[in-house]
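Listed below are the residues making up each chain.
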Amino acid sequence: QVQLVESGGGLVQTGGSLTLSCAASRDIVSRYAMGWFRQASGKEREFIAGDSPSDTDATYADSAKGRFTISRLRAANMVYLQMNVLKPDDTAVYYCAARYGNTVQDWTKYDYWGQGTQVTVSS
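Notes on the structure follow. (Residues numbered from 1 in each chain as written. Predicted model: local features only at pLDDT ≥ 70, side-chain atom pairs only at ≥ 80, totals over all residues. Heavy atoms only, no water.)

Overview of the side chain of T117
Next, step 1: With respect to the helices and strands, T117 occurs in strand β11 (residues 117-122).
Next, step 2: Apart from residues lying up to four places away in sequence, T117 is in contact with E6, S7, G8, G9, L20, A92, V93 and Y94. (Helix = DSSP H or I, 4+ residues; strand = E, 2+ residues; numbered from the N terminus. Contact = heavy atoms within 4.5 Å.)

Notes on the packing of aromatic side chains
Next, step 1: Taken as a whole and assessed by the stated rule, the structure comprises eight aromatic pairs.
Next, step 2: A ring pair is formed by F37 and F47, whose centres lie 5.6 Å apart and whose planes are at 75 degrees; its orientation type is edge-to-face. One end of the pair, F37, is in strand β4 (residues 33-39); the other, F47, is in strand β5 (residues 46-51), and ten residues separate them in sequence.
Next, step 3: Looking at F37, the relative accessible area reads 0%, which means it is buried.
Next, step 4: For F47, a relative accessible area of 7% puts it in the buried group.
Next, step 5: Judged by centre distance (5.1 Å) and plane angle (80 degrees), the rings of F37 and Y110 are edge-to-face. Taken as a pair, F37 in strand β4 and Y110 in the loop between β9 (92-99) and β10 (112-113) lie far apart in primary sequence, 73 residues in all. (Phe/Tyr/Trp six-rings, centres within 6.5 Å; stacked < 30°, edge-to-face > 60°. Buried < 20%, exposed > 50% of the residue type's maximum accessible area, 1.4 Å probe, protein only.)

Description of unusual backbone geometry
Among all residues save glycine, negative phi is the norm, and among peptide bonds the norm is trans.
Next, step 1: A positive phi is found at R26, a non-glycine position, where the angle reads about 55 degrees.
Next, step 2: In this structure, R26 sits in the loop between β3 (18-24) and α1 (28-31).
Next, step 3: Overall, the relative accessible area of 56% leaves R26 in the exposed class.
Next, step 4: Although it is not a glycine, V85 sits at a positive phi angle of roughly 50 degrees.
Next, step 5: For V85, the position within the fold is in the loop between β8 (78-83) and β9.
Next, step 6: For V85, a relative accessible area of 51% gives the class exposed.

In structure tokens:
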């Protein structure tokens, strides 16, 4: 069974930084496209960042571009989301996801999901 486990969330002040981690079972990180999504209270799930196994087509939502960076460490089956210059609008539950194929922004196309980690940014 494929498992994804997020960690690194917490409470930070506006302008601060956090690094989220996603630990994957087996060799998912080496062979699957990975994505980060978030869902704020009362809002729909939102694509934040995605990357293919080749690391050649990383994409970002407009809200994340220039502030967030997705990366992966294949040998350790880890995916990261570095978040800088955080603001209150970034407050949400952040999810790590994986799918077999290319990177897409549609959350319904992803095959595996973690349980999420809460990020709260104080105003």
